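# Results of the structural survey
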Amino acid sequence: MLNWDQMPALLPMRCSRAWVEIDLAAIRHNVRQFKAGLAPQTALMAVVKADAYGHGATRVAQTALAAGASWLGVATVPEGIELRQAGIEAPILIMGAVYHPAEIRAVAAWQLQPTIVSPKQALIFAETLSAESESAVLPVHLKLDTGMSRLGYDWRQAVEFASFVAQLPALRVVSLYSHLATADSPDLTCLRAQQRRFEQAIASLRQAQLLPPKLHFANTAATLADPQLHYDMVRVGLGLYGLSPAPHLSGILNLRPALAVKARITHLKALAAGAGVSYGHTFIAPTDMRIAVVGIGYADGVPRRLSNQLRALIQQRSVAQIGAITMDQLMLDVSDLPALQVGDVVTLLGHSGAQQVTADDWAAQLGTISWEILCGFKHRLPRILVDGHSVREGDSPAADSAIAASHPSSAIASDS
Ligand SMILES: Cc1ncc(COP(=O)(O)O)c(C=O)c1O
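Residues numbered from 1 in each chain as written. Predicted model: local features only at pLDDT ≥ 70, side-chain atom pairs only at ≥ 80, totals over all residues.

## What to know about the overall build of the chain
Note the cut-off: Secondary structure elements are defined from DSSP: runs of H or I of at least 4 residues count as helices, runs of E of at least 2 residues count as strands, and each element is numbered from the N terminus.
Each helix and strand counted, the chain has twelve helices and 20 strands in total. By principal-axis analysis of the C-alpha atoms, the chain measures approximately 80 × 50 × 40 Å.

## Details of the pairing of strand 15 (residues 311–314)
Basically, it comes down to this: Strand pairing is defined by DSSP finding a minimum of two bridges between the two strands.
Where strand 15 meets strand 16 (residues 317–322), four bridges bridge the pair, whose relative direction is antiparallel. Bridge pairing in strand 16 places Arg311 opposite Ala320. Connecting strand 15 to the next strand, strand 16, in antiparallel fashion are two residues, including Gln315 with a positive phi near 45 degrees.

## Considering the site of the ligand
Quick reminder of the rule: Any residue qualifies as near a molecule or strand once its backbone-derived C-beta atom lies within 6 Å of it. Note on residue categories: nonpolar means Ala, Val, Leu, Ile, Met, Phe, Trp, Tyr, Cys or Pro, charged means Asp, Glu, Lys or Arg, and polar means any other residue, Gly included.
Around the ligand, the surrounding shell consists of Val47, Met95, His179, Asn219, Thr220, Ala221, Arg235, Val236, Gly237, Leu238, Gly239 and Pro245. Listing elements by their share of the shell around the ligand, those giving two or more residues are helix 9 (220–225) and strand 10 (233–236). A breakdown of the residues in the shell around the ligand according to their chemical character gives six nonpolar, five polar and one charged.

## Some details on the nonpolar core
Side chains of nonpolar character tend, in soluble globular proteins, to be buried together. Note the cut-off: Any nonpolar core is a set of buried residues, restricted to Ala, Val, Leu, Ile, Met, Phe, Trp, Tyr and Cys, that join up through C-beta atoms within 7 Å. Exposure criterion: with C-beta atoms placed from backbone coordinates, a residue whose C-beta has 20 or more other C-beta atoms within 10 Å is buried, one with 12 or fewer is exposed, and one in between is partly exposed. Where each domain begins and ends is defined by an automated method or by a domain database. A pair of residues counts as a contact when their C-beta atoms, built from backbone coordinates, are within 7 Å of each other.
Grouped together as the largest cluster of nonpolar side chains are 121 residues, with contacts concentrated most on Met45, Ala46, Ala61, Ala64 and Leu332. Counting contributing residues per domain, this core is built from domain 1 (24–248) and domain 2 (259–406), each supplying no fewer than three. Ala46 has contacts with Val31, Ala61, Ala64, Ala69, Leu72, Val236 and Leu240, leaving out every residue within four places of it along the chain.

## Here we look at the packing of helix 7 (residues 158–166) against helix 8 (residues 189–207)
Filter applied, for reference: All axes here are fitted lines through C-alpha atoms, helices being fitted over the stretch that makes contact, and every angle between N-to-C directions spans 0 to 180 degrees. For classification purposes, angles smaller than 35 degrees are called roughly parallel, those larger than 145 roughly antiparallel, those between 65 and 115 roughly perpendicular, and all remaining angles oblique. By the definition used in this description, the sense in which the near helix is turned from the far one sets the handedness, with an anticlockwise turn below a right angle giving left-handed and a clockwise turn giving right-handed.
The interhelical angle for the contact between helix 7 and helix 8, taken along N-to-C directions, is 50 degrees, at an axis separation of 9 Å. Between helix 7 and helix 8, the angle is such that the two are oblique. In the packing of helix 7 onto helix 8, the handedness of the crossing is right-handed. Of helix 8, the residues touching helix 7 (which contributes Ala158, Val159 and Ala162) are Ala201, Ser204 and Leu205. Grouping the amino acids of the contact of helix 7 with helix 8 by side-chain chemistry returns five nonpolar, one polar and no charged.

## Let's talk about the pairing of strand 2 (residues 43–47)
Each regular strand carries side chains that alternate between the two faces of the sheet. Extensive coverage of strand 2 is indicated by the burial of four of its five residues. Relative to strand 3 (residues 71–74), strand 2 is paired through three bridges, and the arrangement is parallel. From the neighbouring strand, Ala46 faces strand 3, where its bridge partner is Leu72.

## Observations regarding the environment of Leu366
Structurally, Leu366 can be placed in helix 10 (residues 359–366). Taking the C-alpha atoms as reference, Leu366 lies 45 Å from Ala126; in sequence the two are 240 residues apart. The contact partners of Leu366, leaving out residues within four places of it in the chain, are Pro303, Arg305 and Leu306.

## Some details on the packing of helix 5 (residues 101–109) against helix 6 (residues 119–130)
The contact between helix 5 and helix 6 brings their axes to 10 Å, and the two run at 70 degrees. By the angle between their directions, the pair helix 5 and helix 6 is classed as roughly perpendicular. Residue-level contacts link Pro101, Ile104, Arg105 and Ala108 of helix 5 to Phe125, Thr128 and Leu129 of helix 6. Taken together, the residues that form the contact of helix 5 with helix 6 break down as five nonpolar, one polar and one charged.

## Things to note about unusual backbone geometry
Within the chain, Gln111 stands out as a residue other than glycine whose phi angle is a positive 50 degrees. When you line up the elements, Gln111 lands in the loop between helix 5 and strand 5 (113–116). The phi angle at Asn308 is positive, at roughly 65 degrees, despite the residue not being glycine. By the element assignment, Asn308 lies in the loop between strand 14 (289–294) and strand 15.

Take a look at the structure:
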């Protein structure tokens, strides 16, 4: 991937074609919304795996920690190392399963905290760490499978699992957790079954005097759905980025989407009725029309399957995308906007005046979930960090520098 920061000559071009804007003020706002809904003793883990769901892990983590999160959650060891290399000292949970000795040594060296999903994996950790001469005791988190059928040890064998790990001197168990499969469903039957299993595991561990000091269970949906599920910590991903996991959970907190996708018009032209547009001519001009070519395509993360369905925002108006979305470009019907010029900004995701297009809109059109949409913008789009201010539609291609100059205190920076 292009590293824009390492190529100073490219910096003035960051907003010349297409870019992703991340509003750190929205991240801060969302973290505070969640914190306000938690009991004072309940910690907030900011889930920043997958490059913070495409928002940029380091800056999101720093912003979330400054706003009240106290833990970070990632999926892989390199994701944890990236945060440590940026100087972040907060505890970091690796939520994926780690087995490889090189990764285990890296977990210890970078003071990351792994998830242990089986006695066998615990043993691999203990043996690898015991072979290291100066290894300190490693804090670990036990994961139970209570119904997700993904990572975790069978909840019915929680005592055997915990007692096995407890006798390994290289490891110290600091938490017990599980993950919910259906927390975003209005039907709570499955969630309640998982909750009962987690509670039974907790009771048996307590009786065996093996209960870890910290318990956690809730993702964004469960955090919103029921405070009983908060335990000692909640692990919030999607909500941090300002989206709701499901319509019935959307009014509970006032969340603000943090990510916008924008691009510029690169060419304007008149089409005669009957002209076909783009590969395959899947759109034929029904009348004479004016179209705009926009410098963003499926290689940038705009799904090709949205061809002829996508709506884009220009100057507070919603316009139709026409023809197949191509690798680097797409076309819009701008017949009703005669004053447009090359260089004008188009908002693919985000808002323009009162109009808004969200990742939920795209997800609904594509039959997927907003998580997948957010994670899709990571190829060649520069990421522009804004702090409450965004690149406006009338701004020139050097807009990010202009905004930085007019708001010297705002954290606008390239972060690819
Ligand atoms: C174990 C675990 N906890 C928490 C989360 C955060 O989920 P969400 O983005 O729904 O808040 C995830 C994300 O997939 C996860 O895998």
